[in-house]
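# Remarks on the overall topology
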Amino acid sequence: MLIWKSWGLVSILHSKRRIFHPRGPNVKKLKNPAVIDSLTTHPIPSRRNTAQKNASRKHRVGKLIIISGRNAGKEYQCYSQSTFIGRNRENHVTIVDTAASRRHARIERRNGDFILEDLNSTNGTLVNQKAIGREILHHGDKIQIGETVLQFLVKERT
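About the criteria used
Residues numbered from 1 in each chain as written. Predicted model: local features only at pLDDT ≥ 70, side-chain atom pairs only at ≥ 80, totals over all residues. Heavy atoms only, no water. Salt bridge = Lys/Arg side-chain N within 4 Å of Asp/Glu carboxyl O. Helix = DSSP H or I, 4+ residues; strand = E, 2+ residues; numbered from the N terminus. Buried < 20%, exposed > 50% of the residue type's maximum accessible area, 1.4 Å probe, protein only. Phe/Tyr/Trp six-rings, centres within 6.5 Å; stacked < 30°, edge-to-face > 60°. Lys NZ or Arg CZ within 6 Å of the ring centre and 35° of its normal.

## Re the pattern of salt bridges
All told, the structure shown has 5 salt bridges when counted by the stated rule. A salt bridge links Glu-117 to Arg-106; the nearest nitrogen and oxygen atoms lie 2.6 Å apart. With a gap of 11 residues between them, Glu-117 in strand β10 (residues 113–118) and Arg-106 in strand β9 (residues 105–110) connect regions that are remote in the sequence. Of the two residues, Glu-117 and Arg-106, neither departs from the other in class, the shared state being buried. Across the salt bridge formed by Glu-108 and Arg-110, the nearest N and O atoms sit 2.9 Å from each other. Overall, Arg-110 belongs to the partly exposed group, its relative accessible area being 40%. One continuous salt-bridge network, built from bridges that share partners, spans Arg-106, Glu-108, Arg-110, Glu-117 and Arg-134.

What follows is the structure, encoded as structure tokens:
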């Protein structure tokens, strides 16, 4: 059992539960089990559960499918840490559209999430018909760059 005092509250860390007592009783009363049982308890998030969630999210693979535009039906995998989208052939996802910038947007992987960021393009980037600067992508989101529409899909990698 670990006891510490902060902000006028006494907190006890006891068997993976954090216990707060709003009146800040003295330590002698807290050693009594009957008093500890009557206190309000809040579960402490387990680091193992968070690590397991992040590990499962890291095995996700993003996929872009062009659903309208000149290259409709073409598919791209988002395996790397950063996937660049634009008109330039050096991008991971090349869009044949004069309204797209040479380097229009980037999809970045962070802790298992896929984040779409507009790279100060001339015409902007839309996700589900809303203009964005930076947005976390979810399964089924539709990305519009110029006149080209892409659909973002997430698949668990085994």
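## Here's the deal with the packing of aromatic side chains
Inspection of every chain in the model, using the stated rule, returns 1 aromatic pair. Residue placement shows Arg-103 over the ring face of Phe-84; its charged tip is 3.9 Å from the ring centre.

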